[in-house]
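Chain residues, written in single-letter form:
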Amino acid sequence: KGTRVEVVEDGVVCWVEKTELVPLADAGEFFTKAIKADALDAYSHNFRGWAQYLLGKPADAVKDFDQFLQLVPPEATGHRVVAFSNRGLVLAEMGKFDAALKDLDEAVRLGHRPAQLNRGWAYELKGDYKAAVLDYTLLIEAGPPSPLALNNLAWLKATCPDAAFRDGGKAVELARRACEPSGDREGMF
């Protein structure tokens, strides 16, 4: 609308000024310029890492998350936890489950809720459905329920290759709950 764009993140709707957005195709170059301007700009590595991941360059994303972790001091756990969660997700999607779970376990230990969601996804990709269900369920029960955790658990219950974890009725219930916070406006769910 006008000068703003509606953004829905984990079921929460917010508005962002169009002038504050960088198209994904330009994000790599944008953050590379920022890094060249300030070699100690840790966050540009984190953001470029996400861009690399979304552009289908997971190995480059991991390098950026590695650099972010090198630049942020160990005592800055609130910042490092995000990089552990991000890198863990990318490593899981690359099939590097041991390294992924090491990062995600550390981020969960430090209290990062999104890392628990990512760890559930890593377990799901690995085929450890029991552990995935546990992580998703813990996020849902801890409240407020994460729409992404509800969505992921719904998909697992609907499509799991292991019949012991499938439950169509529960999948529909979880999917409906995932859609409620956005008023059924989040297409991913």
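Data block above holds the structure.
Residues numbered from 1 in each chain as written. Predicted model: local features only at pLDDT ≥ 70, side-chain atom pairs only at ≥ 80, totals over all residues. Heavy atoms only, no water.

Visitor: Hey, could you run me through the packing of aromatic side chains in this one?
Guide: The geometry of an aromatic ring pair is captured by two quantities: the separation of the ring centres and the angle between the planes. Within this structure, the stated rule accounts for seven aromatic pairs. Ring plane angle 40° and centroid distance 6.4 Å describe the contact between Y43 and F47, whose orientation is recorded as tilted. Of the two residues, Y43 and F47 are both situated in helix α2 (residues 42–54); the distance of four residues between them amounts to about one turn of the helix. Accessibility expressed as a relative area gives 33% for Y43, which makes it partly exposed. According to the relative accessible area criterion, F47 is partly exposed, its value standing at 40%. Where Y43 meets F68, the ring centres are 5.2 Å apart and the plane angle is 75°; that geometry is what we call edge-to-face. On the criterion of sequence distance, the pair formed by Y43 in helix α2 and F68 in helix α3 (residues 58–71) is long-range, its members being 25 residues apart. We classify F68 as buried; its relative accessible area is 1%. Following the ring pairs from residue to residue traces out a cluster consisting of F30, F31, Y43, F47 and F68. (Phe/Tyr/Trp six-rings, centres within 6.5 Å; stacked < 30°, edge-to-face > 60°. Helix = DSSP H or I, 4+ residues; strand = E, 2+ residues; numbered from the N terminus. Buried < 20%, exposed > 50% of the residue type's maximum accessible area, 1.4 Å probe, protein only.)

Visitor: Just to check I follow, could you spell out the side chain of R48 for this structure?
Guide: As for its placement among the helices and strands, R48 is situated in helix α2. A polar side-chain atom of R48 sits 2.9 Å from a polar atom in the side chain of T32. Setting aside residues up to four positions removed in sequence, R48 forms contacts with G28, F31, T32, I35 and D64. (Polar contact = N/O pair within 3.5 Å; in protein donor to acceptor, adjacent residues only side chain to side chain. Contact = heavy atoms within 4.5 Å.)

Visitor: Can you help me understand helix α6 (residues 113–126) in this one?
Guide: With 14 residues, α6 extends 20 Å from end C-alpha to end C-alpha; this agrees with the ideal 20 Å at 1.5 Å per step. Every buried residue belonging to α6 is among A115, Q116, L117, N118, R119, G120, A122, Y123 and E124, and all of these are buried. Where α6 is buried, its residues contact α4 (77–93), α5 (97–109), α7 (129–142) and α8 (147–159). Downstream of α6 by one or two residues, G127 has phi in the positive range, about 95°. (Expected span 1.5 Å × (residues − 1).)

Visitor: What am I meant to see in unusual backbone geometry here?
Guide: Negative phi values dominate among residues other than glycine, just as trans dominates among peptide bonds. The step from G143 to P144 runs through a cis peptide bond, and the omega angle for that step is -15°. As for its position among the elements, P144 is in the loop between α7 and α8.

Visitor: For this particular structure, what's the right way to read a nonpolar patch on the surface?
Guide: The grouping of L24, L54 and L55 at the surface amounts to a nonpolar patch, some 260 Å² of accessible area in total. Tracing the chain through its elements places L24 in helix α1 (residues 24–37). (Patch = residues over 30% accessible without salt bridge, like charges linked within 9 Å, V, L, I, M, F, W, Y side chains within 5 Å. Areas by Shrake-Rupley, 256 points an atom, 1.4 Å probe, with all protein chains shown as cover. Salt bridge = Lys/Arg side-chain N within 4 Å of Asp/Glu carboxyl O.)

Visitor: Where do I start with the environment of L40 in this structure?
Guide: For L40, the position within the fold is in the loop between α1 and α2. Taking the C-alpha atoms as reference points, L40 and F189, 149 residues apart in sequence, are found 38 Å from one another.

Visitor: Hey, could you run me through the packing of α6 against α8 in this one?
Guide: The geometry of α6 relative to α8 is characterised by a closest axis approach of 10 Å and an angle of 15° between their N-to-C directions. By the angle between their directions, the pair α6 and α8 is classed as roughly parallel. For the pair α6 and α8, the crossing hand works out as left-handed. Residues L117, W121 and E124 of α6 touch α8, and the partners they reach there are L148, A149, N152 and L156. When the residues that make up the contact of α6 with α8 are grouped by side-chain class, the tally is five nonpolar, one polar and one charged. (Axes fitted to C-alpha atoms, helices over the stretch in contact; angles between N-to-C directions. Parallel < 35°, antiparallel > 145°, perpendicular 65-115°, else oblique. Left-handed = near helix turned anticlockwise from the far one by under 90°. Nonpolar A, V, L, I, M, F, W, Y, C, P; charged D, E, K, R; others polar.)

Scope: geometric values only; no functional claims are made or implied.
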